[in-house]
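One-letter residues, chain by chain:
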Amino acid sequence: MTALQILRAGPLCTLQDAGRGGWMRYGVTPAGPMDWIAHATANLLAGNAAGAAALEIGPLGIEVTAQDGPLRLALAAPGFVVRRGGRVLPTRMALTLRSGERLLVTPGPWGLWAYLTLAGGFDVAPVMGSLSTHLRSGIGPYGGRAIRDGQVLSAAAPANPDAPDLAVIEAAGPQAGRIRFVPGPQDDCFTQAAYDIFCAGSYRVSPNSDRMGYRLTGAVLTHARGHDIVSDGIAMGAIQVPGDGQPIVLMADRQPTGGYPKIGTVIRADLPSLAQTRPGQSVRFDAVTLGQAVDALRAATPTRARLQPLLRRIRMV
């Protein structure tokens, strides 16, 4: 069977499907992609289900080659630079990589996370029903470890070598840095002044951010009656505020429960924009209703029907 050989993998390159659902009540983190829209887009371009497994490529990129035959793969790499044989490619596309041919994904002007998947998926057994990797606990495929240089990832299905190279011509650009959130569930734990400051101010993403949480630095948020609460469940996007008054947005590798008040929750449609924000860049927060969050999610969810009109066949020479 053909395989994807990893020639060079930057840090934090892992296999991620939509996440390990149903285990948080046992203390097991779901993991899953940081940018669910790019992850789903790569899978749909490959002909896979939107939540199938893909390589999540970290900020320093990756270099791969096809081994023992052609590979049909797809890529969604917002803000990165993609090259095959020295030619720069679109950042959202499906292509056939011939045996021995190299594909290089390197950092570009913006973005932190890119996604690469194989048509038909990866030939690896799920762990606890999922192909997502949680590095802190070592749970996931390939021993729960990050993808490393020289590793060979077998394809689950043979490639169609005659399939054309297809690119999404209407490429997404960098976001404006405005992140929408739904207030609560403990927004009443903050003074009105603190809530107003959070909505009006600008917060910078700290270098101490990771897949577990994005730490923000900016105006201090004052608690109305202390910063400790009875621990409760944590959703991705929950905005915790510990005793120092600096918000932390919990991300894909978040802990299952937490005991700090949550002033709000970033809406799912805007989680990719936050995830792709580099340390040192700033974001602002806008409060929306639950209904507006649902409408935004419907508009943002990638589907084959939405991608099809944007696809263009490209000729590689």
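Above this text sits the structure in question.
Report follows, based on the coordinates.

What counts and how
- Residues numbered from 1 in each chain as written.
- Predicted model: local features only at pLDDT ≥ 70, side-chain atom pairs only at ≥ 80, totals over all residues.
- Heavy atoms only, no water.
- Helix = DSSP H or I, 4+ residues; strand = E, 2+ residues; numbered from the N terminus.
- Contact = heavy atoms within 4.5 Å.
- Areas by Shrake-Rupley, 256 points an atom, 1.4 Å probe, with all protein chains shown as cover.
- Lys, Arg positive; Asp, Glu negative; His and termini not counted.
- Charge placed at Lys NZ, Arg CZ, Asp CG, Glu CD.
- Buried < 20%, exposed > 50% of the residue type's maximum accessible area, 1.4 Å probe, protein only.
- Pairing = 2+ DSSP bridges.
- 1 Å grid on protein atoms, 1.4 Å probe; cavity = no way out; pocket = protein on both sides within 12 Å on 5 of 7 lines; lining within 4 Å.
- Points joined across faces, edges and corners; volume = space filled by probe spheres on them.
- Nonpolar A, V, L, I, M, F, W, Y, C, P; charged D, E, K, R; others polar.
- Axes fitted to C-alpha atoms, helices over the stretch in contact; angles between N-to-C directions.
- Core = buried A, V, L, I, M, F, W, Y, C linked by side-chain atoms within 4.5 Å.
- Polar contact = N/O pair within 3.5 Å; in protein donor to acceptor, adjacent residues only side chain to side chain.

## Comments concerning the overall build of the protein chain
Along the backbone of the protein chain there are five helices and 22 strands. Taken along its principal axes, the extent of the C-alpha atoms in the protein chain is 65 × 40 × 30 Å. Within the protein chain, counting contacts between residues at least 6 apart in sequence, those at least 24 apart form 76% of the total. Of the roughly 13,200 Å² that the protein chain leaves accessible, carbon and sulfur atoms contribute 54%. When the 30 positive and 22 negative side-chain charges of the protein chain are each reduced to one mean point, those points stand 5 Å apart.

## Examining unusual backbone geometry
For the bond from Gly-184 to Pro-185, the omega torsion is 15 degrees, close enough to zero to count as cis. By the secondary structure assignment, Pro-185 is in the loop between β13 (178–183) and α2 (192–200). One non-glycine residue, Met-128, adopts positive backbone phi at about 55 degrees. Position of Met-128 among the secondary structure elements: in the loop between β10 (114–118) and β11 (152–154). Positive phi, close to 55 degrees, is recorded for Tyr-142, a residue that is not glycine. For Tyr-142, the location among the structural elements is in the loop between β10 and β11. Tyr-142 gets classed as buried once you look at its relative accessible area, which sits at 19%.

## A closer look at the pairing of strand β1 (residues 3–9)
The sheet contact formed by β1 and β11 spans three bridges and is antiparallel. Paired with Leu-4 across the two strands is Leu-153, which belongs to β11. Bridge analysis of β1 against strand β4 (residues 62–67) gives six bridges, and the strand direction is antiparallel. Bridge pairing in β4 links Ala-9 to Ile-62.

## Let's talk about the layout of surface pockets
Over the atoms a probe the size of a water molecule is rolled, and this reveals where empty space is left. Its boundaries defined by the atoms lining it, the second largest pocket holds a volume of some 300 Å³. Lining of the second largest pocket is provided by 20 residues; of these, Ala-18, Gly-19, Pro-33, Trp-36 and Arg-268 occupy positions nearest its centre. The biggest single contributor to the lining of the second largest pocket is helix α1 (residues 36–46), with three residues. Each residue belonging to the lining of the second largest pocket can be placed in one class, and the counts come to twelve nonpolar, five polar and three charged.

## A few points about the sheet that holds strand β12 (residues 166–168)
In a beta sheet, neighbouring strands are held together by backbone hydrogen bonds and run either parallel or antiparallel to one another. Strand order in the open sheet made by the seven strands is β2-β3-β10-β5-β8-β12-β22, with antiparallel pairing throughout. This sheet does not close on itself; its edge strands, each paired only once, are β2 (14–16) and β22 (311–313). In this sheet, adjacent strand axes meet at a mean angle of 30 degrees when their direction is disregarded. Pairing analysis gives two bridges linking strand β8 (residues 92–97) to β12, with the strands arranged antiparallel. Residue Ala-94 lies in a different strand from β12, and its bridge partner there is Leu-166. Packing of α1 onto the sheet brings it into contact with β2, β3 (54–57), β5 (71–76), β8, β10, β12 and β22, and relative to β5 it is tilted by some 150 degrees.

## Quick notes on the nonpolar core
Of all hydrophobic cores here, the largest spans 35 residues; its most connected members are Leu-4, Ile-6, Leu-55, Ile-62, Leu-103 and Phe-122. Elements with a minimum of two residues in this core: β1, β3, β4, β5, β8, β9 (102–106) and β10. If you look at the next biggest cluster of nonpolar residues, it comprises 33 residues, including Ile-179, Tyr-195, Phe-198 and Val-266.

## Section: α1
Each turn of an α-helix holds 3.6 residues, which means side chains three or four residues apart point in the same direction. Within α1, ten of the eleven residues are buried, leaving the element largely enclosed by the surrounding structure. Taken residue by residue, α1 has Trp-36, Ala-38, His-39, Ala-40, Thr-41, Ala-42, Asn-43, Leu-44, Leu-45 and Ala-46 as its buried positions. The backbone nitrogen of Ile-37 lies 3.1 Å from a side-chain oxygen of the residue at the head of α1, namely Asp-35. Taken from the residues just after α1, Gly-47 is the one with a positive phi, measuring 85 degrees.

## A look at the pairing of β13
Bridge count for β13 against strand β21 (residues 282–287) is four bridges, and the pairing is parallel. Across the sheet, residue Ile-179 finds its bridge partner in β21, namely Phe-285. Note: β13 against strand β20 (residues 262–266), three bridges, orientation antiparallel. Among the inter-strand pairings, Val-182 is bridged to a residue of β20, identified as Thr-265.

## Notes on the side chain of Thr-277
Within the secondary structure layout, Thr-277 lies in the loop between α3 (271–275) and β21. At 2.8 Å, the side chain of Thr-277 and the backbone oxygen of Ser-273 are in polar contact. Look past the residues within four positions of Thr-277 in its chain and what remains in contact with it is Leu-112, Val-205, Tyr-214 and Val-283.

## What about the sheet that holds β4?
As summarised here, the arrangement of the six strands in space is β7-β6-β9-β4-β1-β11, forming an open sheet in which the pairing is antiparallel. Every interior strand has two partners, whereas the edge strands, β7 (87–89) and β11, have only one. Put simply, the sheet's adjacent strands are angled 25 degrees from each other on average, direction ignored. Bridge count for strand β6 (residues 81–84) against β7 is three bridges, and the pairing is antiparallel. Across the sheet, residue Arg-83 finds its bridge partner in β7, namely Val-88.

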